[in-house]
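Commentary on secondary and tertiary structure
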Amino acid sequence: FATLKHQAQSGAPLYLQLRKSIEDAVNRGLIGPGDALPSERDIATKADISRVTVRKAVQDLVKGGILVQRHGSGTFVAPRMERVEQSLSRLTSFTEDMARRGMAVRSAWLDRGLYAPSPDEMMVLGLSSSELVARVARLRIANDTPLAIERASLSASVLPDPADIGSSLYAALELTGNRPVRAVQRISAANLGDSDARLLEVPPGIAGLHIERISYLASGKVIEFTRSIYRGDAYDFVAELRLTG
Ligand code: GLP
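1. Focus: the side chain of serine 153
Position of serine 153 among the secondary structure elements: in strand S6 (residues 145-155). Here glutamate 121 takes part through its side chain, which lies 2.6 Å from a polar atom of the side chain of serine 153. Filtering out sequence-adjacent residues up to four positions away, serine 153 remains in contact with Glu121, Leu125, Val133, Ala134, Arg135, Ile223, Glu224, Phe225 and Arg227.

Here you go:
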């Protein structure tokens, strides 16, 4: 950054020059994925420019997905995303999928509680307006990278205490003999809105995948209605197709 003050005559606005020098440092591997950027104040002092200019350059790079900001801990070079190849022919849970790849799984809670059901929850789960729905909404994270926002709805009779599921919904359902054996999954394109993009640490507006899963018990009863947003830059869904009949 120190060289920046000598280049200040070059004509381009200072924040663009700073943005370029940070981008160059990332591209040349001088700072790598996950590395912390010096504080705004340090950069401003070293480059002899104002903090407002530094903030503008950094915000641009955050919008472009080159840097990520984590509240309270600073600004980092965005982790390089290795795409997850996910089979569409097996009914597995997020925890199982990531554990199989040797990835460390965790979730951040967005919501968990019992609510009056919405009309579509009533329809899909077969609930009456006097029954309650258990909602479990989580940011799903693997190896410290947020991959998906999942919002699951189940009948409160199956999950009377949504705060009690631990780290895996399917493991909790298995304990009570309610693990689904069949599911219908619908995948559609969705551009990420601001709040989802912020949670997933990607620039707003980029492509995401909206995934709806309705899963069933062997009896045919619907057990789970989950609506999720997956990162479009992180997932490949793969199915094997066979010529039959
Ligand atoms: C997948 C499915 C969800 C399901 C979840 C359970 O991600 N898309 O529909 O609710 O797995 O995962 P876990 O058992 O890790 O909570």
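Additional details are given in the paragraphs that follow.
2. What about the confidence of the model for the chain?
In this model, the chain carries an average pLDDT of 91, and 96% of its residues clear a pLDDT of 70 or more. Put simply, helix H1 (residues 4-7) is where the chain has its lowest mean pLDDT, 56, and helix H6 (residues 119-125) is where it has its highest, 98.

3. What to know about the site of the ligand
Among the 13 residues in the neighbourhood of the ligand, the closest are listed as Thr95, Glu150, Ser168, Leu169 and Glu224. A distance of 2.9 Å separates an oxygen atom of the ligand from a polar side-chain atom of arginine 140. The contact in question runs from an oxygen atom of the ligand to an N or O atom on the side chain of serine 168, over 2.6 Å. Coverage of the ligand by the protein amounts to 98% of the 400 Å² it exposes when considered alone. When residues of the shell around the ligand are traced back to their parent elements, those giving at least two are helix H5 (94-100), strand S5 (133-142), helix H7 (169-175) and strand S9 (222-231).

4. Quick notes on the packing of helix H2 (residues 14-27) against helix H4 (residues 51-63)
As a packed pair, H2 and H4 sit with axes 8 Å apart at the nearest point and diverge in direction by 50 degrees. The angle between H2 and H4 places the two elements in the oblique class. Once H2 is placed against H4, the crossing between them reads as right-handed. Facing Leu14, Tyr15, Leu18, Arg19, Ile22 and Glu23 of H2, the residues of H4 in contact are Thr53, Val54, Lys56, Ala57, Asp60 and Leu61. Partitioned by chemical class, the residues of the contact of H2 with H4 number 7 nonpolar, 1 polar and 4 charged.

5. Some remarks on the packing of helix H3 (residues 40-47) against H4
Running from amino to carboxyl end, H3 crosses H4 at an angle of 115 degrees, the nearest separation of the two axes being 9 Å. Classified by chirality, the crossing of H4 by H3 is right-handed. Contacts between H3 and H4 pair Glu40, Arg41, Ile43 and Ala44 from the former with Arg51, Val54 and Arg55 from the latter.

6. Some points on the nonpolar core
By size, the foremost hydrophobic cluster in this structure holds 15 residues, and its most contacted members are Leu18, Leu37, Val54 and Leu67. At the level of elements, H2, H3 and H4 are the ones that each hand at least two residues to this core. The next biggest cluster of nonpolar side chains, apart from the first, holds 13 residues, and it includes Ala152, Ile165, Tyr170 and Leu217.

7. Some remarks on the pattern of salt bridges
For the structure on display, the rule yields 16 salt bridges. The closest approach of N and O atoms between glutamate 40 and arginine 55, which form a salt bridge, is 2.9 Å. Of the two residues, glutamate 40 is situated in helix H3 and arginine 55 in helix H4; the sequence distance between them amounts to 15 residues. Residue arginine 106 is joined to aspartate 144 by a salt bridge in which the shortest nitrogen-to-oxygen separation is 3.0 Å. With arginine 106 in strand S4 (residues 105-115) and aspartate 144 in the loop between S5 and S6, the pair connects residues that are 38 residues apart, well separated along the chain. Given the relative accessible area of 43%, arginine 106 is considered partly exposed. Through salt bridges that share partners, Asp120, Glu121, Arg135 and Arg227 make up one connected network.

Cut-offs used in this document
- Residues numbered from 1 in each chain as written.
- Predicted model: local features only at pLDDT ≥ 70, side-chain atom pairs only at ≥ 80, totals over all residues.
- Heavy atoms only, no water.
- Helix = DSSP H or I, 4+ residues; strand = E, 2+ residues; numbered from the N terminus.
- Polar contact = N/O pair within 3.5 Å; in protein donor to acceptor, adjacent residues only side chain to side chain.
- Contact = heavy atoms within 4.5 Å.
- pLDDT = per-residue confidence, 0-100.
- Near = heavy atom within 4 Å.
- Areas by Shrake-Rupley, 256 points an atom, 1.4 Å probe, with all protein chains shown as cover.
- Axes fitted to C-alpha atoms, helices over the stretch in contact; angles between N-to-C directions.
- Parallel < 35°, antiparallel > 145°, perpendicular 65-115°, else oblique.
- Left-handed = near helix turned anticlockwise from the far one by under 90°.
- Nonpolar A, V, L, I, M, F, W, Y, C, P; charged D, E, K, R; others polar.
- Core = buried A, V, L, I, M, F, W, Y, C linked by side-chain atoms within 4.5 Å.
- Buried < 20%, exposed > 50% of the residue type's maximum accessible area, 1.4 Å probe, protein only.
- Salt bridge = Lys/Arg side-chain N within 4 Å of Asp/Glu carboxyl O.

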